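Results of the structural survey
Take a look at the letters that make up each chain.
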Amino acid sequence: MFEPVKIAPSILSADFMHLGRDIELIEKAGAGYVHVDVMDGHFVPNLTMGVPVVKQLKKATSLPLDVHLMIANPLEQLPWFLDAGADSVTVHAEALDADGLARAVAAIHAAGAKAAVSVKPRTAVGALAPVLADLDMVLVMSVEPGFSGQSYIEGSEAKVTRITEMARAVGASPLIQVDGGIGEVTAPIVAAAGADVLVCGNAVFAAEDPAAALAAVQAAAEEARLAALAVSKEA
């Protein structure tokens, strides 16, 4: 929490006809992760990419692969993505009960990967409580998952603040990631609240100069993070 801000460009917004080029671009631009949105058409109303893409990405970049599973049966499919080379895997709190979340986190860690759990906008952060102490990262969805290009849901930063408080209470310090409508305007809002990793799709890949756009979002977020930390020290 309150780590230097990293950008995780979502390749859902990249040019799939030139995916290798786009991956190289964000790597050179200083991205912290490659964010891979896996959707099954059941858990969310969209169908995107799967294991073959992850396998190819693993060969194409040295950046950590941040795989976000928006799927109805994560326990069944986790081994596939872990074997394919995922460095961090996020499952959804809405897809599993407390026991299932614990099993998923344990399986991810057993494979040597980082474990994360995500909550949708309408899901209370209390759903994270059973596994929060064991997580490497928490993902706050600031749009309803399923499609890129949506606008940030105002007030999502309150979840970031609450998760920060919950984590401190149990002696944990997971990274906090925010995904949905993040750009140069909204990045400072969530970074000031405690977000460490920002998923950007169109804000990077749809920009005229994606590398410059990535740098601008990161700079704006980092400035807000440092300002928030300075205020907290004075309080």
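Every chain's residues receive numbers from 1 upward, in the order its sequence appears when written. Local features are withheld for residues below a pLDDT of 70 in this predicted model, meaning they are given only at 70 or higher, and side-chain atom pairs are given and counted only at 80 or more; totals for whole chains, interfaces and linings count all residues. No hydrogens and no water enter the side-chain calculation; it runs on all heavy atoms of the structure.

Attention now moves to the UniProt feature "binding site: substrate" (unreviewed entry) in the protein chain. UniProt positions are given in the numbering used here, feature names are shortened, and annotations may be inferred rather than shown by experiment. The positions UniProt marks with the feature "binding site: substrate" (unreviewed entry) are S10, H68, G146, F147, S148, G149, D179, G180 and G181. Helical segments are the DSSP runs of H or I of at least four residues, strand segments are the runs of E of at least two, and each set is numbered from the N terminus. The topology assignment puts S10 in the loop between β1 (6–9) and α1 (19–29). When checking whether two residues touch, look at their non-hydrogen atoms; a contact exists if any pair is within 4.5 Å. Sequence-distant contacts of S10, defined by excluding residues within four places in its chain, comprise H35, D37, V199, C200, G201 and F205. Mapped onto the secondary structure, D179 falls in strand β7 (residues 175–179). The contact partners of D179, leaving out residues within four places of it in the chain, are H35, D37, H68, L139, V140, M141, S142, V143 and V199. There is a polar contact of 3.4 Å between the side chain of D179 and the side chain of H35. Pairs of N or O atoms within 3.5 Å make up the polar contacts considered here, provided that, within protein, one atom can donate a hydrogen while the other can accept it, and that residues adjacent in sequence are counted only when both atoms are side-chain atoms.

Another point: the packing of helix α3 (residues 74–84) against helix α4 (residues 98–110). To get an axis, a line is fitted to the C-alpha atoms, and for a helix only the part in contact is used. The angle between two axes follows their N-to-C directions and goes from 0 to 180 degrees. Two elements in contact, α3 and α4, have axes separated by 10 Å at closest approach and are oriented at 15°. Here α4 runs roughly parallel to α3, going by the angle between their axes. Every pair of crossing elements has a handedness; the one defined by α3 and α4 is right-handed. Note on element contacts: α4 touches α3 through G100, R103, A104, A107 and I108, opposite L75, L78 and L82. Residue composition of the contact of α3 with α4, grouped by class: 6 nonpolar, 1 polar and 1 charged. Between 65 and 115 degrees an angle is taken as roughly perpendicular, under 35 as roughly parallel, over 145 as roughly antiparallel, and anywhere else as oblique. Helix crossings fall into two classes, left-handed where the near helix is turned counterclockwise from the far one by less than a right angle and right-handed where it is turned clockwise. Residue polarity follows a fixed list, in which Ala, Val, Leu, Ile, Met, Phe, Trp, Tyr, Cys and Pro are nonpolar, Asp, Glu, Lys and Arg are charged, and the others, Gly among them, are polar.

Let us now look at the sheet that holds strand β8 (residues 197–200). Pairing in this open sheet of 8 strands is parallel, and the strands run β1-β8-β7-β6-β5-β4-β3-β2 from one edge to the other. This sheet does not close on itself; its edge strands, each paired only once, are β1 and β2 (34–39). The sheet shows a mean angle of 25° between the axes of neighbouring strands, direction not considered. Sheet strands in contact with helix α2 (residues 51–60) are β2 and β3 (65–70), and its direction is about 170° off that of β3. Criterion used throughout: strands pair if DSSP finds at least two bridges between them.

Now for the UniProt feature "binding site: a divalent metal cation" (unreviewed entry) in the protein chain. Following the UniProt record, the feature "binding site: a divalent metal cation" (unreviewed entry) maps to H35, D37, H68 and D179 here. The largest pairwise C-alpha distance within this set of annotated residues, which runs over 145 residues, is 10.6 Å, so the set is compact in three dimensions. One can find H35 in strand β2. Residue class for H35 comes out buried when judged on its relative accessible area of 0%. Excluding residues that lie within four positions of it along the chain, H35 makes contacts with A8, P9, S10, I11, D66, H68, Q177, D179 and V199. Position of D37 among the secondary structure elements: in strand β2. For every residue, the accessible area obtained with a 1.4 Å probe (protein chains only) is divided by the maximum for its type, and the residue is called buried under 20%, exposed over 50%, and partly exposed between those limits.

Now for the nonpolar core. As used in this record, nonpolar core signifies buried Ala, Val, Leu, Ile, Met, Phe, Trp, Tyr and Cys residues forming a set joined through side-chain atoms within 4.5 Å. By size, the foremost hydrophobic cluster in this structure holds 65 residues, and its most contacted members are I11, I26, V36, V67, L69, V117 and L198. Contact partners of V67, with chain neighbours within four places excluded, come to V36, V38, V54, F81, A86, S88, V89 and T90. Core analysis: the next-biggest nonpolar cluster, separate from the first, contains 6 residues, A8, Y33, V197 and V199 among them.

Now for the environment of L19. Mapping L19 onto the fold places it in helix α1. The spatial distance from the C-alpha of L19 to the C-alpha of L57 is 9.1 Å, given a sequence separation of 38 residues. Not counting the four nearest positions on each side in its chain, L19 is found in contact with I11, A14 and L57.

Another point: the pairing of β8. On a regular strand, each side chain points to the face opposite its neighbour's, so the side chains alternate between the two faces of the sheet. Burial along β8 is two-sided: the face carrying V197 and V199 and the face carrying L198 and C200 are both buried. Relative to β8, β1 is paired through 4 bridges, and the arrangement is parallel. Its bridge partner lying in β8, I7 is registered against L198. The pairing of β7 with β8 spans 3 bridges and is parallel. Bridging from a neighbouring strand, D179 pairs with V199 of β8. When the strands point away from the viewer, a crossover counts as right-handed if the route from the first strand across the helix to the second turns clockwise. In this fold, the crossover linking β7 to β8 by way of helix α6 (residues 187–193) has right-handed handedness.

Remark: α1 packs on helix α8 (residues 210–234), axes separated minimally by 9 Å, with the N-to-C direction vectors making an angle of 40°. By the angle class used here, α1 and α8 are oblique. Considering only the axes of α1 and α8, their crossing is right-handed. Contacts between α1 and α8 involve L25, I26 and A29 from the first element and P210, A211 and L214 from the second. Looking at the contact of α1 with α8, its residues break down into 6 nonpolar, no polar and no charged.

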